[in-house]
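Below, each chain spelled out in residue letters.
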Amino acid sequence: MSWHPHLWHPTTQVATSPEPLQVRSARGSELVLADGRRLIDAISSWWVTLHGHAEPAIAAAIARQAQQLEQVIFANFSHAPAEQLATRISALTGLERLFFSDNGSTAVEVALKIAWQWWRNQGSGDAAGLRRQVIAFEGAYHGDTFGAMALGERSLFTDPYEPLLFAVARVAWPHSHWGDDAVEQREHHALRQLERALETPTAAVILEPLIQGASGMRVVRPAFLRAVAERVKAAGALLIADEVFTGFSRTGDLFACRRAGIQPDLMALSKGLTGGFLPMGVTMASERLYQGFISERPEATFFHGHSFTANPLGCAAALASLDLLQAHPERFQQFELRHTPLLEELAQHPLVRRPRCVGTMAAFDVEAGEASYLNPVGKQIQRHCLEQGVYLRPLGNVVYLLPPLGISTPQLEQCYGALRSAVDALA
Ligand SMILES: *Cc1c(COP(=O)(O)O)cnc(C)c1O
């Protein structure tokens, strides 16, 4: 085997990476490789596989839908799968309107464009009180398209494009872990920073509720989010919750905002939306925002649309996935209890620092080298775990598990066993 002559893999440096593994099939929590080896997919294939691979109920729903209506232009037309999905997610999020796109980055772009244009449509566009500021948090990741990159923390990933990214105000993200006794101080500092930033007229504040994923599974306390939401509301700015990662049960409730007790004005959803079967993103918006676009003036229209808007196959998959989630809430509500004893035991290891766990996500930092995405320790751990039949993908020195809901207890124990021997091998 060698690198394919016609493919270009994502976030992959060919000069220094091993060749990709050939996958033949997948089922439940397992990937089956072309050479017959089996691997536990301990990170849900970049956080998308929700119940398990090839979940039969979702596969069947897609097959049925494909024979009925595979796609139709969504300007001038509507269809039952889209309408049912909008009704159900509205009821679950308290946000009445659903706008479709194709992935997490576009769901964020749409949220930002709605927020920005809503203020303009309000007539503040030429008034002195124009709200031009957008606030985001340190360590944020909101996607790889330009608007989403601009909202995200500047990093190795965004450096080449720096001159093309618009400026945002940044506020500290007081992330925490088990046994952290300095968190209140950091929360206090972050809230003061936010208050100062909000003195400038602000269109929107965007955050990843409960867990910042890509920057290293950085967990904040629900009370901090409630304090942020209060201040954003008091300043009259719009709150955007990027639940692309946290949405659909990852944090132990259907949405992290529900678990934290905050109500945003806009919410971006994608990864788990279709159970991990098909690419689709949605942006939920409040009725108040929607009404701000209804006008005889053509320029008040939200002129944004993607070719595959509301793809019926994606909608059918999302409906089937929601059915499963709502029929078995115990699968995600109890997940923390499955991680906790295993993570507690692993956390005894001297190289394992800052353990944390929210819902289906468990993470720790490895105390070796610097805290950076380029820290090679993650690759060492990845290689070691692969040999033990477990696939994971550390973020530099941050190691995390994010298994599908259907992972069995022996499989989960195998993941922790592999991690244990991987950190032992470092020592
Ligand atoms: C993955 C992710 C995105 C981007 O989603 P894509 O589907 O990869 O474009 C945006 N926000 C958060 C919080 C994410 O985790």
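Calculation notes
- Residues numbered from 1 in each chain as written.
- Predicted model: local features only at pLDDT ≥ 70, side-chain atom pairs only at ≥ 80, totals over all residues.
- Heavy atoms only, no water.
- Domains from an automatic or database assignment.
- Contact = heavy atoms within 4.5 Å.
- Buried area = accessible area lost by both parts, 1.4 Å probe.
- Salt bridge = Lys/Arg side-chain N within 4 Å of Asp/Glu carboxyl O.
- Near = heavy atom within 4 Å.
- Polar contact = N/O pair within 3.5 Å; in protein donor to acceptor, adjacent residues only side chain to side chain.
- Areas by Shrake-Rupley, 256 points an atom, 1.4 Å probe, with all protein chains shown as cover.
- Nonpolar A, V, L, I, M, F, W, Y, C, P; charged D, E, K, R; others polar.
- Helix = DSSP H or I, 4+ residues; strand = E, 2+ residues; numbered from the N terminus.
- Buried < 20%, exposed > 50% of the residue type's maximum accessible area, 1.4 Å probe, protein only.
- Pairing = 2+ DSSP bridges.
- Right-handed = clockwise from strand over helix to strand, strands pointing away.
- Phe/Tyr/Trp six-rings, centres within 6.5 Å; stacked < 30°, edge-to-face > 60°.
- Patch = residues over 30% accessible without salt bridge, like charges linked within 9 Å, V, L, I, M, F, W, Y side chains within 5 Å.

## Structural notes on the domain arrangement of the protein chain
According to the domain assignment, the protein chain contains domain 1 (60–327) and domain 2 (334–426). Between the C-alpha centres of domain 1 and domain 2 there is a distance of 28 Å. The interface of domain 1 with domain 2 comprises 19 residues on the first partner and 21 residues on the second. At the boundary of domain 1 with domain 2, total buried surface from both sides reaches about 1600 Å², with 74% on carbon and sulfur atoms. It is Trp 178, Met 217 and Arg 250 in domain 1 that bury the most area against domain 2; as a group they hold 44% of the surface buried on that side. Inspection of the domain 1/domain 2 interface yields 1 salt bridge.

## Regarding the site of the ligand
In the vicinity of the ligand, the contacting residues are Trp 47, Asn 103, Gly 104, Ser 105, Tyr 141, His 142, Gly 143, Glu 208, Asp 242, Val 244, Phe 245 and Lys 271. At 2.8 Å, a backbone N or O of Gly 104 approaches an oxygen atom of the ligand. In the model, a nitrogen atom of the ligand is placed 2.7 Å from a nitrogen or oxygen of the Asp 242 side chain. Out of a free accessible area of 380 Å², the ligand has 84% covered by protein chains. In terms of residue class, the shell around the ligand is built from 4 nonpolar, 5 polar and 3 charged.

## Notes on the pattern of salt bridges
By the definition in use, this model includes 19 salt bridges. Among the ionic pairs, Arg 221 bridges to Glu 184, the shortest N-O distance being 3.8 Å. Taken together, the positions of Arg 221 in the loop between β9 (218–219) and α7 (222–234) and Glu 184 in helix α6 (residues 183–197) put the pair 37 residues apart, joining distant regions of the chain. When its relative accessible area of 57% is taken as the criterion, Glu 184 is described as exposed.

## Description of the side chain of Asn 375
On the secondary structure map, Asn 375 appears in the loop between β14 (361–366) and α13 (377–387). In terms of polar contacts, Asn 375 uses its side chain to reach the backbone amide nitrogen of Val 377, at 2.9 Å. In contact with Asn 375, not counting residues within four places along its chain, are Ala 368, Gly 369, Glu 370, Gly 396 and Asn 397.

## Quick look at the environment of Ala 167
Locating Ala 167 in the fold gives a position in the loop between α5 (146–151) and β6 (169–171). According to the relative accessible area criterion, Ala 167 is exposed, its value standing at 70%. Along the primary structure Ala 167 and Leu 39 are separated by 128 residues, whereas in three dimensions their C-alpha atoms are 42 Å apart.

## Details of the pairing of strand β5 (residues 133–137)
Summarising burial for β5: 5 of the 5 residues are buried, a large majority. Pairing of β5 with strand β7 (residues 202–207), which is carried by 3 bridges, proceeds in the parallel orientation. Each bridged residue has a counterpart across the sheet, and for Gln 133 the counterpart in β7 is Thr 202. Relative to β6, β5 runs parallel, the two sharing 3 bridges. Within β6, the residue paired with Phe 137 across the bridge is Val 171. In the classification by handedness, the crossover that spans β5, the intervening α5 and the parallel β6 is right-handed.

## Details of the packing of aromatic side chains
What the rule picks out here adds up to 12 aromatic pairs. Measuring from ring centre to ring centre gives 4.8 Å for Trp 118 and Trp 119, while their planes differ by 70 degrees; the resulting arrangement is edge-to-face. Each of the two residues, Trp 118 as well as Trp 119, counts as buried. Summarising the aromatic geometry, the rings of Phe 248 and Phe 255 are spaced 5.1 Å apart at their centres and angled 65 degrees between planes, so their arrangement reads as edge-to-face.

## What about the environment of Ala 57?
One can find Ala 57 in helix α2 (residues 56–68). For Ala 57 and Gln 380, which are 323 residues apart along the polypeptide, the C-alpha to C-alpha distance reads 37 Å. Those residues in contact with Ala 57, other than ones at most four positions away along the chain, are Ala 320 and Leu 324.

## Focus: a nonpolar patch on the surface
On the surface, a nonpolar cluster with roughly 400 Å² of combined accessible area is contributed by Leu 156, Phe 157, Tyr 373 and Leu 374. One can find Tyr 373 in the loop between β14 and α13.

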